[in-house]
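Tertiary structure, described
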Amino acid sequence: MGERPPMQYSADGHSDGTVMAPQPGFLASVFRDLGVDVPEDPDAPFTPDGPDAPFTPGDRSGSGGQAGPPDPLRSPGQAGPPDAGGDEAVAAHARAAALTHHRTLTVQAEQKRLADLLRRAALPVSAMDFESQLRRYEPRPYPADGPAPAPGEAEPRWEDYVPAEPPTADPDESPARRLLDSGYQRELAQARLTHQRALREWRTRQAEAGSPAADESRRVHEQAEQARARAVREYNDSLEECRRAYRLAEPAAVESLLERALAAAETATQDLPAPCRAVFRPLTRTAVLDLDLPALDLVPSLTGYRLGADGEILPVPRPPADRATDYLRLVARLALRALQAADAVDTDEILSGVVLNGWLREPGAEPLCLVSVDADRDALARTRLLPPAAPYEEHDGEGVYADAEQDEALVRLRQLGAAVTPDPYARAGVEPAALAGPAVPSAPDLSANEFAQLVRELLTRGGLAQWSVRLRGPAGLVATGEGPAGSALPGRWVVWASRGAQPVGEEEIRTLAEAVREESAERGLRLTTGRFTDEALDLTGEDGHQHIHLVDGDGVRELARTHLGLPLAAGH
């Protein structure tokens, strides 16, 4: 046989098999591997007659036809034609290259699906307030062949159909002669047909109007329409009742509306289940949302496959940081979408804030919180929750992958003070801002915003106005307020509120007294959900500290019961 061409290399000089020139030896080996008859001469025509075509010596070999097609099941060490091993090696290389390409296409399809999910997860959500859920009744006409006869409908008269006589130029001409006009005769015949048809239809309607079958059909239709109208009316009445309960901040009504809005927000990504449940706490008027995050393997871990020098198919992994960034990019969009749905549906401004926790739930493992947001109403109003309409664009050939610091969704989520895991694939969780626990929460169950809102609400209803927060953190806050003369809290106050298991000691009382002097205030209030030490209680009875007032956990719960009419559970 003639000399075989060497193994082909890719355009960049590497023997990865991804780019191969269609040389005659390569094509022949591929067709032979498929069991197809091909000539050895590249210039000779060939006919793929299939594996059962008879073999004729000299048809396939340029050296006298002594060799047939190599057996693809024969190993290179078995007896065969002198160049069978070379052909099989080339064919095996081609098969590996094709498989490499196929697997790379599969990875690229996964990447395209991720890009599409990121795009659809950023689409605006539909409004799901009460007005958009109202139904309207539109009556359907009775399905008859023609219009029903009106009561007392008169029989069609020939006088209403007869055409006008043709005009004449000679006034003395006989009327009978004018009637012989051919055009007039055609009009007259057509009028007779129209009159007869109208007369038949009138008689049919008259007959049907009095038939029992027609009366029964019309009665059934009217009953169905009455049932439809009644169903729409009852639904709208129940919706109005839900709206009344929602305005009264009843938990069941608020949670029902929120979960409807959250379910409607998922319609753009129904192929990516991300259910979100809502719990409403009337004590702080805060909704706690639990969002189930997608599985970690949704984001491709590979960029593709390559063919090694020895013909082995090797995966090309993505950098772990890039994969983590893409997962967090999707998580950020799902979280922002849920926050927007809750904010958009609250047209009556019942909510004071929203806490969202994103949970990764894996079989056989405890749920892991990967993202947590604690946002009050003002923060939600200041933040544009959704990224631009085209959130996923290519930059400098990076494809769908981009720097996490430049991703709009992650930037806006962090602007809300969200806690986001640094590496979801390392299972590095974050502390939830609040837990959707029992219906009656305790102080540790509340988020930082909830606790600040609770303290402000209690003291504002107690008479302390002009509330101004100076410092705030997870454990508490420092604020100033001023009550009018004659109120329960007259004058200017410095308030230090905290929650925690550690008792408040004497040193903190002295620190509050110094803050009162620096703020030129008249009184100070130290509020804690725990208790005070005996030394702190004794200090407030001494001269110089009698203007410091103390409220412990029992006092906070009593204030909540008095001013809010709602219970606050004891700390656990």
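Anyway, here's the lowdown on the structure attached to this text. In this text the structure is predicted, and so the values were computed from the model without any measurement. (Residues numbered from 1 in each chain as written. Predicted model: local features only at pLDDT ≥ 70, side-chain atom pairs only at ≥ 80, totals over all residues. Heavy atoms only, no water.)

1. Digging into the packing of aromatic side chains
A full pass over the atoms with the stated rule returns one aromatic pair. Taking 6.1 Å as the distance between ring centres and 65° as the angle between the ring planes, the aromatic pair formed by Tyr 327 and Tyr 425 counts as edge-to-face. Taken as a pair, Tyr 327 in helix H8 (residues 320–345) and Tyr 425 in the loop between strand S7 (419–420) and helix H11 (448–461) lie far apart in primary sequence, 98 residues in all. We note Arg 103 situated over the ring of Tyr 305; from NZ or CZ to the ring centre the distance is 5.8 Å. For Arg 526, the ring lying beneath its charged end belongs to Trp 496, and the centroid distance is 4.3 Å. (Phe/Tyr/Trp six-rings, centres within 6.5 Å; stacked < 30°, edge-to-face > 60°. Helix = DSSP H or I, 4+ residues; strand = E, 2+ residues; numbered from the N terminus. Lys NZ or Arg CZ within 6 Å of the ring centre and 35° of its normal.)

2. Things to note about the sheet that holds strand S6 (residues 368–376)
Strand order in the open sheet formed by five strands is S1-S2-S5-S6-S7, and the pairing between neighbours is mixed. Looking along the sheet, the strands with just one partner apiece sit at the ends: strand S1 (276–281) and S7. For S6 and S7, the ladder comprises two bridges, and the chain directions are antiparallel. When the sheet's bridge partners are listed, Val 371 is paired in S7 with Val 420. Relative to the sheet, H8 contacts S1, strand S2 (286–292), strand S5 (353–360), S6 and S7, its axis offset from that of S5 by approximately 145°. (Pairing = 2+ DSSP bridges. Contact = heavy atoms within 4.5 Å. Axes fitted to C-alpha atoms, helices over the stretch in contact; angles between N-to-C directions.)

3. A look at the packing of H8 against helix H10 (residues 408–415)
Taken N-terminus to C-terminus, the directions of H8 and H10 make an angle of 60°; their axes are 8 Å apart at the nearest point. By the angle between their axes, H8 is oblique relative to H10. The chirality of how H8 crosses H10 is left-handed. Within the contact between the two elements, H8 uses Leu 328, Arg 329, Ala 332, Arg 333, Ala 335 and Leu 336 and H10 uses Ala 409, Leu 410, Arg 412 and Leu 413. (Parallel < 35°, antiparallel > 145°, perpendicular 65-115°, else oblique. Left-handed = near helix turned anticlockwise from the far one by under 90°.)

4. Let's talk about a negative patch on the surface
Residues Asp 534, Glu 535, Asp 538, Glu 542 and Asp 543 make up a contiguous surface patch of negative charge. By the element assignment, Glu 535 lies in helix H13 (residues 534–539). With relative accessibility at 48%, the residue Glu 535 sits in the partly exposed group. (Patch = residues over 30% accessible without salt bridge, like charges linked within 9 Å, V, L, I, M, F, W, Y side chains within 5 Å. Areas by Shrake-Rupley, 256 points an atom, 1.4 Å probe, with all protein chains shown as cover. Salt bridge = Lys/Arg side-chain N within 4 Å of Asp/Glu carboxyl O. Lys, Arg positive; Asp, Glu negative; His and termini not counted. Charge placed at Lys NZ, Arg CZ, Asp CG, Glu CD. Buried < 20%, exposed > 50% of the residue type's maximum accessible area, 1.4 Å probe, protein only.)

5. Description of the nonpolar core
If you look at the biggest cluster of nonpolar residues, it comprises 61 residues, and the most contacted ones within it are Leu 258, Leu 289, Tyr 327, Leu 330, Val 373 and Leu 413. Here this core takes 13 residues from H8, the largest share from any one element. When residues no more than four places from it in sequence are discounted, the contact partners of Leu 413 are Ala 332, Ala 335, Leu 336, Val 371, Val 373, Ala 418 and Val 420. Core analysis: the next-biggest nonpolar cluster, separate from the first, contains 23 residues, Leu 283, Ala 452, Val 455 and Leu 527 among them. (Core = buried A, V, L, I, M, F, W, Y, C linked by side-chain atoms within 4.5 Å.)

6. Overview of the pattern of salt bridges
For the coordinates displayed, the defined rule picks out 26 salt bridges. Between Glu 408 and Arg 412 there is a salt bridge, with its nearest N and O atoms 3.1 Å apart. In this pair, Glu 408 and Arg 412 both sit in helix H10, four residues apart, roughly one turn of the helix. Each of Arg 318, Asp 326, Arg 329, Arg 333 and Asp 407 takes part in salt bridges that share partners, so that together they form one network.

7. Structural notes on the pairing of strand S11 (residues 523–528)
Where a strand is regular, its side chains alternate between the two sheet faces. Across the six residues that make up S11, a large majority, five, are buried. Note: strand S10 (residues 491–498) against S11, six bridges, orientation parallel. Counterpart to Ala 497 in the pairing with S11 is Leu 527. Taken together, S10, helix H12 (residues 506–518) and S11 form a β-α-β motif whose crossover is right-handed. Relative to strand S12 (residues 548–551), S11 runs parallel, the two sharing four bridges. Its bridge partner being in S12, Leu 525 is matched across the sheet by His 549. Handedness of the β-α-β unit built from S11, H13 and S12 comes out right-handed. (Right-handed = clockwise from strand over helix to strand, strands pointing away.)

8. So, the pairing of S5
The buried count for S5 comes to eight of eight residues, which makes it a mostly enclosed element. Of the two faces of S5, the one holding Gly 353, Val 355, Asn 357 and Trp 359 and the one holding Val 354, Leu 356, Gly 358 and Leu 360 are both buried throughout. Of the pairings in the sheet, the one linking S2 to S5 comprises seven bridges and is parallel in character. The partner of Asp 292 across the bridge, within S5, is Trp 359. Pairing geometry for S5 and S6, over eight bridges, is antiparallel. Within S6, the position partnered with Leu 360 by the bridge is Leu 368.

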